[in-house]
Amino acid sequence: MIKKIDSPYRENNCFFCGKNNVQGLKLDFYWDDELKEAFTEYLPERRFIGLGDILHGGIQMGLLDELMGWTSFAVSGQMAVTSDFQVRFLSPVYIQEKKIRIACRVISQEGVRMTMEAALTNRDGCRST
């Protein structure tokens, strides 16, 4: 079963999820109970173009980081802050008017500390983790 994760933020000004941020992405986040993962989909915008038609790596990293916070919220009821972040860009993510999927799951948890794994994948299977 898939359900939308309701935002705990009243201001709605976040760059990634805030509905009131005119420059923001206005993303919605979902929890897939069967896969035990949070996810969102995003149609990359040309304003975030990097080299060539590649989605800028900083935006990719921001999408992954934001989703990790939402994953923490879905699992524990609390947003998290990132203390360590490692990214491997496995292939370019091109801006092609196709949505990308960002998914994250908790792979271990010890008290309030969580280790997560997230992936950003386009419809052609190209991904960053």
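Parameters and conventions
Residues numbered from 1 in each chain as written. Predicted model: local features only at pLDDT ≥ 70, side-chain atom pairs only at ≥ 80, totals over all residues. Heavy atoms only, no water. Helix = DSSP H or I, 4+ residues; strand = E, 2+ residues; numbered from the N terminus. Contact = heavy atoms within 4.5 Å. Areas by Shrake-Rupley, 256 points an atom, 1.4 Å probe, with all protein chains shown as cover. Pairing = 2+ DSSP bridges. Core = buried A, V, L, I, M, F, W, Y, C linked by side-chain atoms within 4.5 Å. Buried < 20%, exposed > 50% of the residue type's maximum accessible area, 1.4 Å probe, protein only. Phe/Tyr/Trp six-rings, centres within 6.5 Å; stacked < 30°, edge-to-face > 60°. Lys NZ or Arg CZ within 6 Å of the ring centre and 35° of its normal. Salt bridge = Lys/Arg side-chain N within 4 Å of Asp/Glu carboxyl O. pLDDT = per-residue confidence, 0-100. Expected span 1.5 Å × (residues − 1).

**Considerations on the overall build of the chain**
Line of reasoning, step 1. In terms of helices and strands, the chain carries one helix and six strands.
Line of reasoning, step 2. Going residue by residue from the N terminus, the α and β elements of the chain occur as β-β-β-α-β-β-β.
Line of reasoning, step 3. Overall, the C-alpha framework of the chain stretches about 45 × 30 × 30 Å when taken along its three principal axes.
Line of reasoning, step 4. In the chain, the share of contacts with a sequence separation of at least 24, taken over all contacts with a separation of at least 6, comes to 58%.
Line of reasoning, step 5. Element-wise, carbon and sulfur atoms account for 50% of the exposed surface of the chain, whose accessible area totals about 8000 Å².

**Re the pairing of strand 5 (residues 113-122)**
Line of reasoning, step 1. Both strand 4 (residues 100-110) and strand 5 contribute to a ladder of 10 bridges, which runs antiparallel. Residue pairing for strand 5: Gln 109 is matched across the bridge by Met 114.

**Topic: the nonpolar core**
Line of reasoning, step 1. By size, the foremost hydrophobic cluster in this structure holds 26 residues, and its most contacted members are Tyr 42, Leu 55, Leu 63, Ile 100 and Ile 102.
Line of reasoning, step 2. At the level of elements, strand 3 (37-42), helix 1 (57-76), strand 4 and strand 5 are the ones that each hand at least two residues to this core.
Line of reasoning, step 3. At seven residues, the largest contribution of residues to this core is made by helix 1.
Line of reasoning, step 4. Beyond its immediate stretch of four places on either side in the chain, Ile 100 contacts Thr 40, Glu 41, Tyr 42, Pro 44, Leu 55, Leu 63, Val 93, Leu 120, Thr 121 and Asn 122.

**Examining the environment of Trp 70**
Line of reasoning, step 1. Mapping Trp 70 onto the fold places it in helix 1.
Line of reasoning, step 2. Look at Trp 70 and you get buried, because its relative accessible area is 1%.
Line of reasoning, step 3. Measuring from C-alpha to C-alpha, the distance between Trp 70 and Asp 53 comes to 28 Å, with 17 residues separating the pair along the chain.
Line of reasoning, step 4. Setting aside chain neighbours within four positions, we find Trp 70 in contact with Ile 5, Asp 6, Ser 7, Pro 8, Cys 17, Phe 29 and Met 79.

**Some points on the packing of aromatic side chains**
Two descriptors summarise a pair of aromatic rings, namely the distance from one centre to the other and the angle between the planes of the rings.
Line of reasoning, step 1. Counted according to the given criterion, the structure contains five aromatic pairs.
Line of reasoning, step 2. An aromatic cluster is present here, built from Phe 15, Phe 16 and Phe 48 joined pairwise through their rings.
Line of reasoning, step 3. It is Arg 101 that lies over the ring of Phe 39; its NZ or CZ is 4.3 Å from the centre.

**So, the pattern of salt bridges**
Line of reasoning, step 1. If you walk through the whole model with that rule in mind, you get seven salt bridges.
Line of reasoning, step 2. Between Asp 28 and Lys 19 there is a salt bridge; the shortest N-O distance is 2.8 Å.
Line of reasoning, step 3. Note that Arg 101 and Glu 37 form a salt bridge whose closest N and O atoms lie 3.2 Å from each other. Of this pair, Arg 101 sits in strand 4 while Glu 37 sits in strand 3, and the two are 64 residues apart along the sequence.
Line of reasoning, step 4. Three or more residues are tied together by salt bridges with common partners; here these are Lys 4, Lys 19 and Asp 28.

**Comments concerning the confidence of the model for the chain**
Line of reasoning, step 1. Summing up the model confidence of the chain, the mean pLDDT is 90 and the portion of residues at 70 or higher is 95%.
Line of reasoning, step 2. The least confident element of the chain, judged by mean pLDDT, is strand 6 (residues 127-128) at 60; the most confident is strand 2 (residues 30-32) at 97.

**Observations regarding helix 1**
Line of reasoning, step 1. The end-to-end C-alpha distance of helix 1 is 29 Å, a good match for the 28 Å that 20 residues give at a rise of 1.5 Å each.
Line of reasoning, step 2. Backbone geometry just after helix 1 places Gly 77 at a positive phi near 85°.

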